[in-house]
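Structure at a glance
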There are 2 protein chains.
Amino acid sequence: MRQTSPSQPHLHYREITMAMKANEARAHRGSNNDLTDVAGIRVGHYQRSDDGWLTGTTVVVPPPGTVGSVDVRGGGPSTRETDALSPTTLVDQVHAVCLSGGSSYGLAAASGVMDCLAERSIGFPVGPESHMVVPIVPAACLFDIVGRGNFHQRPDASFGRAAFEAATSQPVAQGNVGAGTGGLAGFLKGGLGSASVVLPNGVTVAALAAVNCGGNVVNLATGELYGAAFGLGDEFAHVVAPSPEDCARARDALDESRPRNTVLVVVATDADLTKSEACRVSMAAHDGLARAITPVHCLTDGDVVFTLATQQVPLSDGHVRSLSADRVRELDAVMAAGANAVTRAVVHAVLSATSAAGWPSYFDRYPSALRVL
Amino acid sequence: MRQTSPSQPHLHYREITMAMKANEARAHRGSNNDLTDVAGIRVGHYQRSDDGWLTGTTVVVPPPGTVGSVDVRGGGPSTRETDALSPTTLVDQVHAVCLSGGSSYGLAAASGVMDCLAERSIGFPVGPESHMVVPIVPAACLFDIVGRGNFHQRPDASFGRAAFEAATSQPVAQGNVGAGTGGLAGFLKGGLGSASVVLPNGVTVAALAAVNCGGNVVNLATGELYGAAFGLGDEFAHVVAPSPEDCARARDALDESRPRNTVLVVVATDADLTKSEACRVSMAAHDGLARAITPVHCLTDGDVVFTLATQQVPLSDGHVRSLSADRVRELDAVMAAGANAVTRAVVHAVLSATSAAGWPSYFDRYPSALRVL
């Protein structure tokens, strides 16, 4: 039987380009321009930068019923509970995501988050009593234990607990905070950043990135941030091309010698994504890293994107078991918005970071890049 | 026992940035600036654009002993033999790669390639006699069967045979040829492109791309090709920013209505990559698509990257079963070069394509972008 249903996902370019034009013209940043613009999402940081410390933990706590998945693209990942987020496995709800410094040692922070959730009887139910739960807390770490703080001072369960308890829906603190505390960005100080977009159909998509990348976020020839071209509206209007003198000085300083790698990302949306759809959003979000960082996804990078979908805004045809053309179009918009939010979050991470441990911030390295108003 | 071997892969930023600077300064395009710069690689096209046809097939024939793998990132892939290229499976040598138009129907072209190889007793040996072989011919297709040629006229086994028999180490024909014959690039005519780089250590990395993407290769605001910024030396010096008038006209024409998707890529290198390493190179190469095309890796895209490693140039420590720091550094350079070669191949595909079936080429759409010398 020939199938002629208009719900088949054969997309037309007019629709794609019109939707893109409409999205570009009518999309806007959320009120906080960060992950908390997705209703119910809370973000908490804990960090130490005193007494030999320069590391921390960020916990993202979604509302009940949030579905999550992940895509790992780095060649040197440090993760836990990512197999449980595979589209083929049992669990589809996520109770918190824990990002940390401390290399794989920092995975211990997730245990503190699990304890907090278990005390509240929040988790995957595994027995007849309400406290019999296993909280699903996917986690990933970045490598900040050489060339910054003391090698032996790294996040443990107490960091996860403190970050969880600090979680709030207030605007996300950015820069040298949480998992970004010890982060670098090529030859600059990195950190934690976030960004959001509200699409014309009302769906919110946001990203949070803890940036510790080995690749460059800056075009060394011009001093411009690769990702700044992807700003929404006047988002990066305060950043201009730096002077040739600043660029030359920056290139001359390229002989630092401390290792770094990895960008840890959480994308969140209020759309009603399935676990498989959330996985696909994670996959597309890595394109946002490629546009902000060159090179990226190297062998020593642990780049990972978690995607959380809070299920509050239904996309089309969520009751249909196969994808309809309308849902494909809406999902593609979420995927593209997620990738762009990741790019913008990386830029915010770099712009918000402050010089530390001998690593200059972007504006300290390129003072002429700050537009004087 | 504490391990202090200097072969552990802890990379330092000085090494990375110095290597990057050296690569940028001392890398150069191969003599053909295409896939055939990897010694022993032959490329053949067959296409038809007469009498209702607008499609074709491209076959890449590597030298004996070539190891291959793949990474599929599109949401709507059309492939065969990709599972055999998983790093965990038996086969690691690839005898040819077959790229076609024709959507999944075009996978039939690979059967013609298999026949050609089997006639020459080339393949994975499966029996006591020399003709008892199974040629390994991974294949992927793009969607060019609506809005271009006739829906029912698509590549079959004869296309694979003809493309195989046309394979040569001469410079690769580009534009509306082979698998790129019916390809589009957003609102422009797409096609087939290729590019290469010779790294300072003598390793050659090259890419070939059949471009039929739904995302834009052009920044609609400026008319500039996203990927042109990644040109090596004066590679794209003949392309300049088009006039505001051309840009306005191009934006007004954005109401075409024919579907397209997918970029099919082959990366090739003469390095002695294992199957796992070739898989990792494929993964990184998708970053090259992200930099050339926005958005990419959507649900209706079948984006796929095959990587072929001809084993002629040994990287460091190939005899060591775990990765040494030297080998990691060299692999990362191959990965970054592969991604950039993909970006550049996409640009060549777009610049080489000629207007067809009502789809304008880049220079027909933006005539002012061609530098008058």
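Right, let's walk through the structure included here.

Parameters at a glance
Residues numbered from 1 in each chain as written. Chains lettered and ligands numbered in written order. Predicted model: local features only at pLDDT ≥ 70, side-chain atom pairs only at ≥ 80, totals over all residues. Heavy atoms only, no water. Helix = DSSP H or I, 4+ residues; strand = E, 2+ residues; numbered from the N terminus. Rg over C-alpha atoms; globule rule 2.2 N^0.38 Å. Buried < 20%, exposed > 50% of the residue type's maximum accessible area, 1.4 Å probe, protein only. Lys, Arg positive; Asp, Glu negative; His and termini not counted. Charge placed at Lys NZ, Arg CZ, Asp CG, Glu CD. Contact = heavy atoms within 4.5 Å. Pairing = 2+ DSSP bridges. Axes fitted to C-alpha atoms, helices over the stretch in contact; angles between N-to-C directions. Arc of directions from axis to C-beta. Core = buried A, V, L, I, M, F, W, Y, C linked by side-chain atoms within 4.5 Å. Salt bridge = Lys/Arg side-chain N within 4 Å of Asp/Glu carboxyl O. Parallel < 35°, antiparallel > 145°, perpendicular 65-115°, else oblique. Nonpolar A, V, L, I, M, F, W, Y, C, P; charged D, E, K, R; others polar. Right-handed = clockwise from strand over helix to strand, strands pointing away. Phe/Tyr/Trp six-rings, centres within 6.5 Å; stacked < 30°, edge-to-face > 60°. Lys NZ or Arg CZ within 6 Å of the ring centre and 35° of its normal. Expected span 1.5 Å × (residues − 1). Patch = residues over 30% accessible without salt bridge, like charges linked within 9 Å, V, L, I, M, F, W, Y side chains within 5 Å. Areas by Shrake-Rupley, 256 points an atom, 1.4 Å probe, with all protein chains shown as cover. Polar contact = N/O pair within 3.5 Å; in protein donor to acceptor, adjacent residues only side chain to side chain. Left-handed = near helix turned anticlockwise from the far one by under 90°.

**Here we look at the overall build of chain A**
In terms of helices and strands, chain A carries 7 helices and 14 strands. Its C-alpha atoms give chain A a radius of gyration of 20 Å, within 12% of the compact-globule value 21 Å for 373 residues. The 373 residues of chain A split such that 60% are buried. Once the 27 positive and 35 negative side-chain charges of chain A are each reduced to a mean point, those two points are 3 Å apart.

**As for the environment of A:P171**
Residue and element names in this part refer to chain A. You can see P171 is positioned in the loop between α3 (157-165) and β9 (184-185). When the C-alpha atoms of P171 and R26 are compared, they prove to be 23 Å apart, with 145 residues separating the residues in sequence. Apart from the residues lying within four places of it in its own chain, the contact partners of P171 are N32, D34 and T36.

**Description of the sheet that holds strand β8 (residues 139-141) of chain B**
Residues and elements named next belong to chain B. With respect to topology, 5 strands assemble into an open sheet ordered β1-β2-β5-β8-β4, the strand pairing being mixed. Edge positions in the sheet fall to β1 (42-48) and β4 (79-80), since each has one partner strand and no second. Pairing geometry for strand β5 (residues 97-100) and β8, over 3 bridges, is parallel. The partner of C98 across the bridge, within β8, is A139. Sheet strands in contact with helix α2 (residues 109-119) are β2 (55-61), β4, β5 and β8, and its direction is about 150° off that of β5. In the packing of helix α3 (residues 157-165) onto the sheet, the strands contacted are β1 and β2, and the crossing angle to β2 comes to about 50°.

**Overview of α3(A)**
Residues and elements named next belong to chain A. Within α3, the full set of buried residues consists of F159, G160, A163 and F164. Seen end-on, α3 carries its buried residues on one side only, within an arc spanning 130°. On its buried face, α3 sits against β1 (42-48), β2 (55-61) and α2 (109-119).

**Side note on the nonpolar core**
The biggest cluster of nonpolar side chains holds 115 residues, and the ones touching the most others in it are A:V217, A:Y362, B:V217 and B:Y362. Once residues lying within four places of it in the same chain are set aside, the contact partners of A:V217 are A:A185, A:L188, A:E224, A:L225, A:Y226, A:A292, A:I293, A:V346 and A:V350.

**What about the pattern of salt bridges?**
On inspection of all chains with the given rule, the structure shows 20 salt bridges over all chains. Where A:E277 meets A:R327, a salt bridge forms, and the shortest distance between an N and an O atom there is 2.8 Å. One end of the pair, A:E277, is in helix α5 (residues 275-292); the other, A:R327, is in helix α6 (residues 325-352), with 50 residues separating them in the sequence. Of the charged contacts in the structure, one is a salt bridge between B:D272 and B:R327, with a shortest N-O distance of 3.3 Å.

**A few points about the pairing of strand β3 (residues 67-72) of chain B**
Residues and elements named next belong to chain B. With 5 of 6 residues buried, β3 is to be regarded as a mostly interior element. Here 6 bridges tie β3 to strand β14 (residues 304-313), and the two strands are oriented antiparallel to one another. The residue bridging V72 from the neighbouring strand is V304, located in β14.

**Describing the packing of α5(A) against helix α5 (residues 275-292) of chain B**
Interaxial distance between α5(A) and α5(B) falls to 8 Å at its minimum, and their mutual angle equals 75°. When the axes of α5(A) and α5(B) are compared, the pair comes out roughly perpendicular. Each of A:H286, A:D287, A:A290 and A:R291 in α5(A) lies in contact with α5(B), whose residues at this interface are B:H286, B:D287, B:A290 and B:R291. Partitioning the contact of α5(A) with α5(B) into residue classes produces 2 nonpolar, 2 polar and 4 charged.

**Looking at the sheet that holds strand β8 (residues 139-141) of chain A**
As summarised here, the arrangement of the 5 strands in space is β1-β2-β5-β8-β4 (chain A), forming an open sheet in which the pairing is mixed. At either margin of the open sheet sits one strand with a lone partner, and together these are β1 and β4 (79-80) of chain A.

**Regarding the pairing of strand β13 (residues 263-271) of chain B**
Residues and elements named next belong to chain B. A large share of β13 lies buried, amounting to 9 of its 9 residues. Because side chains alternate across β13, one face comprises the buried residues V263, V265, V267, T269 and A271, and the other comprises L264, V266, A268 and D270, equally buried. Taken together, the 7 bridges between strand β12 (residues 204-211) and β13 define a ladder with antiparallel strand orientation. For L208, the partnering residue across the bridge sits in β13 and is V266. One ladder, built from 7 bridges, connects β13 with β14; its direction is parallel. Residue L264 lies in a different strand from β14, and its bridge partner there is V304. Read as a crossover between parallel neighbours, the route from β13 over α5 to β14 is right-handed.

**Re unusual backbone geometry**
Residues and elements named next belong to chain A. Note the cis peptide between T294 and P295, where omega equals -10°. Relative to the helices and strands, P295 resides in the loop between α5 and β14 (304-313). In this structure, E81 is a non-glycine residue whose phi angle is positive, near 65°. A relative accessible area of 29% means that E81 is categorised as partly exposed. Located in the positive-phi region is D317, a residue other than glycine, with phi close to 60°. Following the sequence through the fold, D317 ends up in the loop between β14 and α6.

**With respect to the packing of aromatic side chains**
For the coordinates displayed, the defined rule picks out 10 aromatic pairs over all chains. Relative to B:Y366, the ring of B:Y362 has its centre 5.1 Å away and its plane inclined at 40°; by these criteria the two rings are tilted. Note on accessibility: B:Y362 and B:Y366 belong to one class, buried. Aromatic rings pair up to connect A:Y46, A:W53 and A:F159 into one cluster. Note that A:R154 overlies the ring of A:Y105, its terminal NZ or CZ placed 3.4 Å from the centroid.

**Considerations on the environment of A:T343**
Residues and elements named next belong to chain A. Checked against the element boundaries, T343 lands in helix α6. Considered as a pair, T343 and A285 are 58 residues apart in the sequence and their alpha carbons are 8.6 Å apart. Leave out the neighbours within four places in its chain, and T343 touches G227, F230, G288, R291 and A292.

**Quick word on α5(B)**
In this model, α5(B) (18 residues) spans 26 Å end to end at C-alpha, consistent with the 26 Å of a helix rising 1.5 Å per residue. α5(B) sits mainly inside the fold: 17 of its 18 residues count as buried.

**A look at a nonpolar patch on the surface**
All names here are of chain A. Together, L90, F124, V126 and V134 make up a nonpolar patch on the protein surface, roughly 370 Å² of accessible area in all. Here V126 lies in the loop between β6 (124-125) and β7 (133-134). You can call V126 exposed: its relative accessible area is 52%.

**Looking at the side chain of A:D301**
All names here are of chain A. Locating D301 in the fold gives a position in the loop between α5 and β14. A polar atom in the side chain of D301 sits 3.3 Å from the backbone nitrogen of H297. Beyond its immediate chain neighbours, meaning those up to four positions away, D301 contacts G74, G75, G76, P77, G214, N261, T262 and V296.

**Quick look at the side chain of B:T343**
B:T343 sits in the buried class, given a relative accessible area of 0%. Within polar-contact distance, the side chain of B:T343 engages the backbone oxygen of B:G288 at 2.7 Å.

**Focus on the packing of α2(B) against α3(B)**
Residue and element names in this part refer to chain B. Remark: α2 packs on α3, axes separated minimally by 5 Å, with the N-to-C direction vectors making an angle of 50°. With respect to α3, the axis of α2 lies oblique. The way α2 lies across α3 gives a crossing that is right-handed. Of the residues in α3, those in contact with A109, S111, G112, V113, D115, C116, L117 and E119 of α2 are A157, G160, R161, F164 and E165. The class makeup of the residues in the contact of α2 with α3 is 6 nonpolar, 3 polar and 4 charged.

In short, geometric facts, not functional conclusions.
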